[in-house]
Amino acid sequence: MSAIIGSAGAHAREKQEESLERGKFRTKGLKEGEDDVRVFFREPHNVRGRDRLLCFVGEHTRYPFCVMYNDDKWNMEKRFSDFAELDKQLDEIYKGDSKVQLPEFPPKKMFGSLSPSLIVERKESLEQYMKALAKDPEILKCRVLREFIETPDVCSPEQHKEFDFGRR
């Protein structure tokens, strides 16, 4: 009995995915092979935990954001250093490519990274940066970016961590 339900559920998912794909191109006016990706940031928050390099307890800021990919959406959180690593990898990939102009990445500060005004400034800069990346069809094809935002073609939806943005 459960095998019948399981196969029926898989069949329903396949039908739903097909209809989502058809609807994507019809309702959003996208061409075949194009993706609609949008990024929206939420309020950042500080987290206390082990430092990555020095192995002592410290505090860092996490930047939560929502990714909308075609007809799907999920929540994510990343540290500033995660975004900096993404930028570094994209710089390496597109170094010398005159067709691709990467957006400016916000500068790293050595001190005061937990300052409320710097956190707000960084959130706004990171949101502009990510939105600019998502608007460029050439950069959007890049596997490094797609892995960073965990698009379904490189990450199964079951792997998405659900973050609770209702804190505070």
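Structural data are supplied above this passage.
These figures come from a predicted structure and were not determined experimentally. (Residues numbered from 1 in each chain as written. Predicted model: local features only at pLDDT ≥ 70, side-chain atom pairs only at ≥ 80, totals over all residues. Heavy atoms only, no water.)

Asks: Looking at this structure, how should I read the packing of aromatic side chains?
Replies: Any two aromatic rings considered together are summarised by their centre-to-centre distance and by the angle between their planes. Summed over all chains, the structure comprises seven aromatic pairs. Ring geometry for phenylalanine 41 against phenylalanine 83: centres 5.9 Å apart, planes inclined by 35°, an arrangement best described as tilted. With a gap of 42 residues between them, phenylalanine 41 in strand 1 (residues 37-41) and phenylalanine 83 in helix 2 (residues 80-94) connect regions that are remote in the sequence. The buried category is assigned to phenylalanine 41, whose relative accessible area is 8%. Three or more aromatic residues joined by ring pairs make a cluster, and in this case those are Phe41, Phe65, Phe83 and Phe148. One Lys or Arg, lysine 78, reaches over the ring of phenylalanine 148 and ends 4.5 Å from the middle of that ring. Against the face of phenylalanine 80 rests arginine 122, its NZ or CZ located 3.7 Å from the ring centre. (Phe/Tyr/Trp six-rings, centres within 6.5 Å; stacked < 30°, edge-to-face > 60°. Helix = DSSP H or I, 4+ residues; strand = E, 2+ residues; numbered from the N terminus. Buried < 20%, exposed > 50% of the residue type's maximum accessible area, 1.4 Å probe, protein only. Lys NZ or Arg CZ within 6 Å of the ring centre and 35° of its normal.)

Asks: Help me understand the environment of arginine 38, please; the structure alone is not making it clear to me.
Replies: Within the element layout of this structure, arginine 38 appears in strand 1. Residue arginine 38 is classed as partly exposed on the basis of its relative accessible area of 38%. For the pair formed by arginine 38 and lysine 73, sequence separation is 35 residues and the distance between their alpha carbons is 9.2 Å. Within the structure, arginine 38 has its side chain in polar contact with the side chain of aspartate 36 (distance 2.8 Å). (Polar contact = N/O pair within 3.5 Å; in protein donor to acceptor, adjacent residues only side chain to side chain.)

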